[in-house]
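Inside the fold
Below, each chain spelled out in residue letters.
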Amino acid sequence: MIEIDGITKRYDDNTVVNNVTMTIEPRTVTVIVGTSGSGKTTLLRMINRLVEPTSGTIRLDGEDNHTMPGYELRRRIGYAIQGHGLFPHRTVAQNIATVPVLLGWDRARIDAKVAELLALFQLDPTLFAARFPHELSGGQQQRVGVARALAAEPNVLLMDEPFGALDPIIRAKAQADLLDIQRLLKTTIVLVTHDMDEAFHLADKIAVMDKGELVQYGAPAELVKNPATEFVETLIGASERPFRLLSIETAGEAVEPGTADGKPLPEATSQRDALSEMLWTGRHALPVAAADGRILGRVTLEGLTRRAAKPQ
Ligand SMILES: Nc1ncnc2c1ncn2[C@@H]1O[C@H](COP(=O)(O)OP(=O)(O)OP(=O)(O)O)[C@@H](O)[C@H]1O
């Protein structure tokens, strides 16, 4: 658990984060959104003390991060940024091994961890371990950046616009992979983004920053249902509200009994994509299949329309 308690950061007279209090539950994804300059990065960086707060405290599992030695913070908190921040003169394997080497792990343990992470991020070790960052595509560099952040098995992963530089297709894949990895490793993720679609896709909870203040912190559906301020409403986009609701849940969660013609949708498909497929193919219902191909039932236009309506 991360407890942010009355945290403030000032640069001279400029208050860039103002008295923010929020609790981040373990094994969840929290996404920080807001306009440029609203204090998102500063808030994120106070968690691992890359930025020292002016006042307030942050506790990790009950322990004040101010009293933790640097090596302990590095072990507990991974950090991945846009542009990946890879060391250009170190190989992929050496980049991933950075924190374990700093922590003094023995060679065998480091090699095993590097191999495990390369496999997890779908990077064939025989092809990639010895390459340098400039010999990788943007998407591959991004994966190495996240693998490096996870190398010391941190409980917490901080990500600052990690997918900002990726094209839409690679970005969607990177988001899906991140959710898979998060479920597998049960890491607590705090991620900053400008992209509301990304926020709704990834978040268990969204924190909205406006001019240094935390103006709303809640589940995505809560933000749609009860935006705390006009700013939150604008950020979500009034005309996007039904689609935001549908993007939060999967087709699997909207399955109804019955059969339907057409190509089955994988159960992990978002309800938004399911609706889009129905509109596009002119069907009122589509079958939904589990990962093993078993048909679970169907989603219907009527069912999804109900789910897209303003929650009561
Ligand atoms: N080291 C610094 N010295 C002075 N001012 C700073 C410093 N770092 C950040 N700021 C100011 O603090 C404010 C918040 O910056 P921050 O990077 O946290 O915003 P952000 O919401 O992450 O913005 P963006 O989305 O553009 O990255 C900005 O006005 C910025 O100019």
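What counts, and where the lines are drawn
Residues numbered from 1 in each chain as written. Predicted model: local features only at pLDDT ≥ 70, side-chain atom pairs only at ≥ 80, totals over all residues. UniProt positions renumbered as here; feature names shortened; annotations may be inferred. Helix = DSSP H or I, 4+ residues; strand = E, 2+ residues; numbered from the N terminus. Contact = placed C-beta atoms within 7 Å. Domains from an automatic or database assignment. Pairing = 2+ DSSP bridges. Axes fitted to C-alpha atoms, helices over the stretch in contact; angles between N-to-C directions. Near = placed C-beta within 6 Å. Nonpolar A, V, L, I, M, F, W, Y, C, P; charged D, E, K, R; others polar. Core = buried A, V, L, I, M, F, W, Y, C linked by C-beta atoms within 7 Å. Buried ≥ 20, exposed ≤ 12 C-beta atoms within 10 Å, placed from the backbone. pLDDT = per-residue confidence, 0-100. Parallel < 35°, antiparallel > 145°, perpendicular 65-115°, else oblique. Left-handed = near helix turned anticlockwise from the far one by under 90°.

Per an unreviewed UniProt entry, the chain goes by Osmoprotectant transport system ATP-binding protein and derives from Rhizobium herbae. Recorded under Sequence similarities (unreviewed entry), the UniProt text for the chain is reproduced unchanged: "Belongs to the ABC transporter superfamily."

**Points about the overall build of the chain**
Along the chain, the regular secondary structure elements total 14 helices and 13 strands. Taken along its principal axes, the extent of the C-alpha atoms in the chain is 60 × 50 × 35 Å. Taking all contacts inside the chain whose residues are at least 6 apart in sequence as the whole, residues at least 24 apart take part in 64%.

**Comments concerning the domain arrangement of the chain**
As a measure of interface size, the accessible area lost when the parts come together is often cited. As assigned here, the chain comprises domain 1 (2-237) and domain 2 (249-308). For domain 1 and domain 2, the distance between their C-alpha centres works out to 32 Å.

**Some remarks on the sheet that holds strand β6 (residues 77-81)**
Taken in spatial order, the 6 strands make up an open sheet running β6-β7-β8-β3-β9-β10, and their pairing is mixed. Here the strands that pair on one side only, and so sit at the sheet edges, are β6 and β10 (213-218). Neighbour-to-neighbour, the strand axes of this sheet turn through a mean angle of 15°, independent of strand direction. Two strands pair when backbone bridges link them, and strand β9 (residues 205-210) and β10 are joined in this way by 5 bridges, in the antiparallel orientation. In the sheet register, Met209 faces β10, and the bridge partner there is Leu214.

**Quick look at the site of the ligand**
What surrounds the ligand is the set Tyr11, Val16, Gly34, Ser36, Gly37, Ser38, Gly39, Lys40, Thr41 and Thr42. The dominant element in the shell around the ligand, judged by the number of residues it contributes, is helix α1 (residues 40-47), at 3 residues. Tallied by class, the residues present in the shell around the ligand amount to 2 nonpolar, 7 polar and 1 charged.

**As for the nonpolar core**
In terms of nonpolar packing, the biggest core is built from 74 residues, with Val31, Ile32, Leu158 and Val299 touching the most fellow members. Among the elements that take part in this core, helix α7 (residues 138-150) stands out by supplying 5 residues, more than any other. If you count residues domain by domain, this core takes at least three from each of domain 1 (2-237) and domain 2 (249-308). If we skip the residues at most four places from it in the chain, Ile32 touches Lys40, Leu43, Leu44, Val190, Val192, Ala207 and Met209.

**Overview of the confidence of the model for the chain**
For the chain, mean pLDDT is 92; residues scoring 70 or higher make up 99% of the total. Reported confidences for the modelled complex are a pTM of 0.88 and an ipTM of 0.95.

**Topic: the packing of helix α12 (residues 241-248) against helix α14 (residues 301-308)**
Look at α12 against α14: their axes get within 8 Å of each other, and the N-to-C directions meet at 110°. Relative to α14, the element α12 lies roughly perpendicular. Where α12 crosses over α14, the two elements pack in a sense that is right-handed. Where α12 abuts α14, its residues Pro242, Leu245 and Leu246 lie against Leu304, Arg307 and Ala308. Its residues assigned to classes, the contact of α12 with α14 shows 5 nonpolar, no polar and 1 charged.

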